[in-house]
Amino acid sequence: MKEILFATSNKSKINRFTKGLLTYDIKILTPEDISINVDVEENGQNAIENALIKARAYAKKTNLPVIAMDDTLYLDNVPENKQPGMYVRRVNGKRLTDEEMIKYYSSLAKEYGTNGKLTARWIYGMALISNNYEYTYTWNKSNFYLSDTPSNIINPGYPLNTISINIKLNKYFTDLTEEDKLLINEDETNVVKFIVTSLITSEQKKIINLTIPPNLWYI
(Lines give C-alpha, C1' and ligand atoms only; values in the text may rest on other atoms or scores of the structure.)
Protein backbone atom coordinates (compact mmCIF):
# COMPACT_ATOMS: atom_id res chain seq x y z
CA MET A 1 0.00 0.00 0.00
CA LYS A 2 1.25 3.47 -0.94
CA GLU A 3 1.49 6.02 1.87
CA ILE A 4 1.15 9.78 1.67
CA LEU A 5 1.58 12.37 4.41
CA PHE A 6 -1.17 14.95 4.85
CA ALA A 7 0.43 18.09 6.30
CA THR A 8 -2.35 18.86 8.75
CA SER A 9 -3.60 17.98 12.19
CA ASN A 10 -7.19 18.68 11.18
CA LYS A 11 -9.00 15.35 11.43
CA SER A 12 -11.94 16.53 9.34
CA LYS A 13 -9.61 17.36 6.45
CA ILE A 14 -7.92 13.97 6.76
CA ASN A 15 -11.22 12.07 6.86
CA ARG A 16 -12.36 14.02 3.82
CA PHE A 17 -10.11 12.06 1.43
CA THR A 18 -9.28 8.89 3.37
CA LYS A 19 -12.00 6.67 1.91
CA GLY A 20 -11.47 7.80 -1.67
CA LEU A 21 -7.70 7.25 -1.55
CA LEU A 22 -8.06 3.82 0.03
CA THR A 23 -9.91 2.67 -3.09
CA TYR A 24 -6.61 3.30 -4.91
CA ASP A 25 -4.63 1.52 -2.20
CA ILE A 26 -3.25 4.79 -0.83
CA LYS A 27 -3.13 5.38 2.93
CA ILE A 28 -3.06 8.84 4.47
CA LEU A 29 -0.58 9.40 7.29
CA THR A 30 -0.66 12.36 9.66
CA PRO A 31 2.29 14.23 11.19
CA GLU A 32 1.30 12.60 14.48
CA ASP A 33 1.55 9.13 12.92
CA ILE A 34 5.22 9.65 12.10
CA SER A 35 6.02 11.87 15.10
CA ILE A 36 6.98 15.06 13.30
CA ASN A 37 5.87 18.60 13.94
CA VAL A 38 6.74 21.55 11.71
CA ASP A 39 6.04 25.19 12.47
CA VAL A 40 4.90 26.80 9.23
CA GLU A 41 4.39 30.50 8.58
CA GLU A 42 1.53 30.60 6.10
CA ASN A 43 2.27 33.92 4.45
CA GLY A 44 1.20 33.15 0.89
CA GLN A 45 -1.08 35.38 -1.16
CA ASN A 46 -3.67 32.70 -1.89
CA ALA A 47 -4.71 29.14 -1.04
CA ILE A 48 -2.27 27.52 -3.50
CA GLU A 49 0.73 29.45 -2.18
CA ASN A 50 -0.10 28.53 1.40
CA ALA A 51 -0.58 24.88 0.45
CA LEU A 52 2.83 24.87 -1.26
CA ILE A 53 4.48 26.48 1.77
CA LYS A 54 3.11 23.75 4.04
CA ALA A 55 3.89 20.90 1.65
CA ARG A 56 7.49 22.06 1.14
CA ALA A 57 8.07 22.43 4.88
CA TYR A 58 6.92 18.87 5.58
CA ALA A 59 8.59 17.40 2.48
CA LYS A 60 11.96 18.51 3.88
CA LYS A 61 11.36 16.36 6.96
CA THR A 62 10.36 13.08 5.33
CA ASN A 63 10.88 10.93 2.25
CA LEU A 64 7.13 10.40 1.93
CA PRO A 65 4.93 12.06 -0.68
CA VAL A 66 3.21 15.04 0.94
CA ILE A 67 -0.09 16.81 0.36
CA ALA A 68 -1.25 20.07 1.93
CA MET A 69 -4.30 22.23 1.39
CA ASP A 70 -5.70 25.61 2.24
CA ASP A 71 -8.96 27.38 1.55
CA THR A 72 -10.43 30.84 1.18
CA LEU A 73 -13.96 32.01 2.00
CA TYR A 74 -15.85 34.81 0.25
CA LEU A 75 -19.16 36.30 1.40
CA ASP A 76 -21.61 38.24 -0.78
CA ASN A 77 -22.61 41.77 0.29
CA VAL A 78 -20.05 41.85 3.11
CA PRO A 79 -17.62 44.81 3.25
CA GLU A 80 -14.07 44.15 2.06
CA ASN A 81 -12.63 44.76 5.52
CA LYS A 82 -14.76 41.93 6.88
CA GLN A 83 -14.10 39.40 4.10
CA PRO A 84 -12.42 36.35 5.67
CA GLY A 85 -10.49 35.26 2.55
CA MET A 86 -7.62 33.08 3.77
CA TYR A 87 -8.04 34.11 7.39
CA VAL A 88 -11.27 32.33 8.23
CA ARG A 89 -10.21 31.60 11.81
CA ARG A 90 -8.40 34.87 12.43
CA VAL A 91 -10.55 37.89 13.19
CA ASN A 92 -9.01 41.17 14.38
CA GLY A 93 -5.74 39.38 15.06
CA LYS A 94 -7.31 36.64 17.19
CA ARG A 95 -7.51 32.95 16.32
CA LEU A 96 -11.10 31.85 16.97
CA THR A 97 -12.20 28.61 18.57
CA ASP A 98 -14.88 26.50 16.86
CA GLU A 99 -17.55 28.02 19.08
CA GLU A 100 -16.31 31.56 18.48
CA MET A 101 -16.34 30.99 14.72
CA ILE A 102 -19.95 29.85 14.82
CA LYS A 103 -20.94 32.90 16.85
CA TYR A 104 -19.01 35.38 14.68
CA TYR A 105 -20.12 34.13 11.26
CA SER A 106 -23.73 33.63 12.30
CA SER A 107 -23.70 37.29 13.39
CA LEU A 108 -22.45 38.28 9.91
CA ALA A 109 -25.29 36.29 8.37
CA LYS A 110 -27.75 38.12 10.57
CA GLU A 111 -26.27 41.55 9.75
CA TYR A 112 -25.60 41.23 6.01
CA GLY A 113 -27.77 38.34 4.88
CA THR A 114 -31.32 38.20 3.65
CA ASN A 115 -33.73 36.60 6.10
CA GLY A 116 -30.75 35.39 8.10
CA LYS A 117 -29.01 33.75 5.13
CA LEU A 118 -25.74 34.97 3.61
CA THR A 119 -24.48 33.61 0.26
CA ALA A 120 -20.91 32.27 0.50
CA ARG A 121 -18.39 30.20 -1.46
CA TRP A 122 -15.21 28.22 -0.69
CA ILE A 123 -12.18 28.18 -2.99
CA TYR A 124 -9.62 25.46 -2.23
CA GLY A 125 -5.98 24.93 -3.11
CA MET A 126 -3.97 21.71 -2.79
CA ALA A 127 -0.26 21.07 -3.30
CA LEU A 128 1.39 17.67 -3.66
CA ILE A 129 5.13 16.99 -3.56
CA SER A 130 6.49 13.60 -4.58
CA ASN A 131 10.00 12.65 -5.75
CA ASN A 132 10.86 16.39 -5.68
CA TYR A 133 8.12 17.19 -8.19
CA GLU A 134 5.40 19.69 -7.27
CA TYR A 135 1.77 19.61 -8.40
CA THR A 136 -1.06 21.98 -7.56
CA TYR A 137 -4.81 21.91 -7.93
CA THR A 138 -7.58 24.37 -7.17
CA TRP A 139 -11.33 23.90 -7.03
CA ASN A 140 -14.45 25.40 -5.56
CA LYS A 141 -17.79 24.14 -4.39
CA SER A 142 -21.25 25.42 -5.18
CA ASN A 143 -22.45 28.55 -3.43
CA PHE A 144 -24.05 27.95 -0.06
CA TYR A 145 -25.71 29.91 2.70
CA LEU A 146 -24.32 30.90 6.05
CA SER A 147 -27.22 31.00 8.48
CA ASP A 148 -27.75 33.07 11.58
CA THR A 149 -29.28 29.97 13.19
CA PRO A 150 -26.87 27.08 13.95
CA SER A 151 -27.74 23.41 13.59
CA ASN A 152 -27.43 21.10 16.59
CA ILE A 153 -24.23 19.39 15.36
CA ILE A 154 -20.63 20.67 15.39
CA ASN A 155 -17.99 19.08 13.15
CA PRO A 156 -14.66 19.54 15.01
CA GLY A 157 -12.26 21.31 12.66
CA TYR A 158 -15.11 22.42 10.37
CA PRO A 159 -17.30 24.51 12.69
CA LEU A 160 -18.82 26.53 9.86
CA ASN A 161 -20.65 23.39 8.73
CA THR A 162 -22.88 24.05 11.73
CA ILE A 163 -24.23 27.24 10.12
CA SER A 164 -23.75 26.29 6.44
CA ILE A 165 -26.77 25.27 4.36
CA ASN A 166 -26.67 23.54 0.98
CA ILE A 167 -28.84 25.64 -1.32
CA LYS A 168 -30.04 22.78 -3.51
CA LEU A 169 -31.16 20.49 -0.70
CA ASN A 170 -31.86 23.20 1.89
CA LYS A 171 -30.04 21.14 4.51
CA TYR A 172 -27.26 22.00 6.94
CA PHE A 173 -23.88 20.55 5.95
CA THR A 174 -23.85 18.70 9.25
CA ASP A 175 -27.02 16.88 8.20
CA LEU A 176 -25.89 15.77 4.73
CA THR A 177 -25.82 12.00 4.18
CA GLU A 178 -23.37 10.22 1.87
CA GLU A 179 -26.22 9.94 -0.63
CA ASP A 180 -26.81 13.69 -0.37
CA LYS A 181 -23.12 14.36 -1.07
CA LEU A 182 -23.21 12.20 -4.17
CA LEU A 183 -26.41 13.90 -5.31
CA ILE A 184 -24.86 17.35 -5.10
CA ASN A 185 -21.47 16.11 -6.38
CA GLU A 186 -19.64 17.04 -3.20
CA ASP A 187 -17.71 13.76 -2.89
CA GLU A 188 -14.59 15.44 -4.37
CA THR A 189 -13.51 12.47 -6.47
CA ASN A 190 -11.82 15.05 -8.72
CA VAL A 191 -9.42 15.89 -5.89
CA VAL A 192 -8.71 12.22 -5.22
CA LYS A 193 -7.95 11.72 -8.91
CA PHE A 194 -5.56 14.69 -8.82
CA ILE A 195 -3.66 13.07 -5.94
CA VAL A 196 -3.52 9.65 -7.59
CA THR A 197 -2.53 11.02 -11.01
CA SER A 198 0.19 13.23 -9.52
CA LEU A 199 1.69 10.31 -7.60
CA ILE A 200 1.74 8.13 -10.72
CA THR A 201 3.27 10.92 -12.82
CA SER A 202 6.01 11.60 -10.26
CA GLU A 203 6.89 7.89 -10.16
CA GLN A 204 7.10 7.75 -13.94
CA LYS A 205 9.36 10.80 -14.03
CA LYS A 206 11.54 9.29 -11.34
CA ILE A 207 11.98 6.09 -13.36
CA ILE A 208 12.83 8.04 -16.51
CA ASN A 209 15.42 10.13 -14.70
CA LEU A 210 17.02 7.03 -13.20
CA THR A 211 17.20 5.07 -16.45
CA ILE A 212 18.19 7.73 -19.02
CA PRO A 213 21.74 9.11 -18.76
CA PRO A 214 21.71 12.92 -18.31
CA ASN A 215 23.66 13.48 -21.54
CA LEU A 216 20.82 11.80 -23.49
CA TRP A 217 17.92 13.75 -21.96
CA TYR A 218 17.84 16.35 -24.72
CA ILE A 219 18.52 14.13 -27.73
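All of the points below concern the structure found in this document. Positions within a chain are numbered from 1, following the residues in the order the chain's sequence is written. Local features are withheld for residues below a pLDDT of 70 in this predicted model, meaning they are given only at 70 or higher, and side-chain atom pairs are given and counted only at 80 or more; totals for whole chains, interfaces and linings count all residues. Think of the side-chain values as coming from all heavy atoms in the structure, minus any hydrogens and water.

Moving on: the pairing of strand β6 (residues 117–130). Within β6, 10 of the 14 residues are buried, which leaves the element mostly enclosed by the surrounding structure. Pairing between two strands requires that DSSP report at least two bridges joining them. Helix numbers and strand numbers start at the N terminus; a helix is a DSSP run of H or I with at least 4 residues, a strand a run of E with at least 2. Across 10 bridges, the pairing between strand β3 (residues 66–75) and β6 is antiparallel. The residue of β6 that forms the bridge with D70 is G125. As paired strands, β6 and strand β8 (residues 144–147) are joined by 4 bridges and run antiparallel to one another. Bridge pairing in β8 places L118 opposite L146. Sheet analysis places β6 next to strand β7 (residues 133–140), joined by 8 bridges and oriented antiparallel. Bridged to I123 within β7 is N140. The turn joining β6 and β7, which pair antiparallel and follow one another in sequence, is formed by 2 residues; a positive phi near 55 degrees is taken by N131. Exposure categories follow from relative accessible area, calculated using a 1.4 Å probe and restricted to protein chains: below 20% of the type maximum is buried, above 50% is exposed, and the middle band is partly exposed.

Take the layout of surface pockets next. Buriedness for pockets is judged along seven lines, at least five of which must meet protein on both sides within 12 Å for an open set on the 1 Å grid over protein atoms alone, while cavities are sets there where a 1.4 Å probe fits but cannot get out, and lining residues have an atom within 4 Å of a point. Grid points are joined across faces, edges and corners, and a volume is the space filled by probe spheres set on the points. Roughly 200 Å³ of volume is contained in the second largest pocket. Every residue along the wall of the second largest pocket is listed here: K2, A59, K60, T62, N63, L64, P65, I129, S130, N131, N132 and E203.

Once that is clear, we can look at helix α1 (residues 11–22). With 12 residues, α1 extends 16 Å between its outermost C-alpha atoms, agreeing within 8% with the 16 Å of an ideal straight helix rising 1.5 Å per residue. Looking at α1, one finds that the buried residues are S12, K13, I14, R16, F17 and L21. We define a polar contact as two N or O atoms separated by no more than 3.5 Å, with the added condition that, inside protein, one atom must be a possible hydrogen donor and the other a possible acceptor, whereas residues neighbouring each other in sequence contribute only through side-chain atom pairs. Two or three places before S12, at the opening of α1, N10 has a side-chain oxygen 3.0 Å from that residue's backbone nitrogen. The length a helix should cover is 1.5 Å for every residue beyond the first.

Take it as geometry only, folks, not as evidence of what the structure does.
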